[in-house]
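# Examining the three-dimensional arrangement
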Amino acid sequence: RLGKGTEDNLDLSMGEQRTDLYAALDYYFDHRNQGRPYILAGHSQGSMMLKIALTEYFKEHVDYLDNMVATYALGFSITCDDLEANPALRFAEGADDTGVIVSWNLEGPENKHAHSDIVLDNAISINPLNSLYASFRIHLRFSLLELLY
């Protein structure tokens with residue numbers, strides 16, 4: 001399991017990693033970025049850390065979002081609730097979007113009715129194969145069909 005794994009435990013887990021992440025972002029923006037466009041990317045636990053950065057760090061540093069090309073948070077859910085609580089964040093809706101979050105999750109058919117600590121309620125995603133925005137359930141169906149054909 002990732003950290004403590006669930007949405008409810010995000011605030012309780014990853015304390016030291018959070019401090020390291022914030023210090024790295026502070027250093028990058030203060031000394032390296034120089035106002036240039038940037039991309040953030042993470043997978044699984046790295047995506048959980050990006051979600052924390054997007055919903056906490058960038059809430060305090062909204063101006064840094066101006067040059068964000070995209071954040072690729074793969075393998076951990078971004079939810080409608082995250083976007084509602086953070087109006088400066090936008091989720092990708094098409095292939096040409098910039099300044100957005102790009103996220104998707106894919107689980108095998110054996111997990112169809114299983115509880116997941118990764119795919120959270122109200123998770124949203126964009127299909128990386130055709131750039132269609134969809135709820136996770138719709139995305140999963142289309143992705144599996146595309147992989148089969």
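Note that this is a predicted model, so its numbers are computed, not measured.

Positive phi, close to 50°, is recorded for Gln-34, a residue that is not glycine. Looking at where Gln-34 falls in the secondary structure, it is placed in the loop between helix 1 (15-32) and strand 1 (38-43). The exposure class assigned to Gln-34 is exposed, which follows from its relative accessible area of 66%. Even without being a glycine, Ser-44 presents a positive backbone phi close to 60°. Assignment of secondary structure puts Ser-44 in the loop between strand 1 and helix 2 (45-60).

Here we come to the environment of Lys-59. When you line up the elements, Lys-59 lands in helix 2. Classification of Lys-59 by relative accessible area gives partly exposed; the value is 44%. Between the alpha carbons of Lys-59 and Ala-85 there is a distance of 9.9 Å; along the sequence they are 26 residues apart.

To continue, consider the sheet that holds strand 1. One open sheet accounts for three strands, arranged 1-2-4; its pairing is parallel. Each end of this open sheet is capped by a strand with a single partner; those strands are strand 1 and strand 4 (100-102). The sheet shows a mean angle of 15° between the axes of neighbouring strands, taken without regard to direction. With three bridges joining them, strand 2 (residues 68-74) and strand 4 adopt parallel strand pairing. Bridge assignment links Thr-71 to a residue of strand 4, and that residue is Ile-101.

The rules behind the values
- Sequence positions are assigned chain by chain, starting from 1 and proceeding in written order.
- This being a predicted model, a pLDDT of at least 70 is required before a residue's local features are given, and a value of 80 or more before pairs of side-chain atoms are given or counted; all residues contribute to the totals for chains, interfaces and linings.
- Based on all heavy atoms of the structure, the side-chain values leave hydrogens and waters out of the count.
- Think of it this way: any DSSP run of H or I at least four residues long counts as a helix, any run of E at least two long counts as a strand, and we number them from the N terminus.
- Three labels apply to residues, based on accessible area from a 1.4 Å probe with only protein chains included: buried if under 20% of the type maximum, exposed if over 50%, partly exposed otherwise in between.
- DSSP calls a pair of strands paired once it identifies at least 2 bridges connecting them.
- Between the N-to-C directions of two axes lies an angle of 0 to 180 degrees, each axis being a line fitted to C-alpha atoms and, for a helix, fitted only over the stretch in contact.

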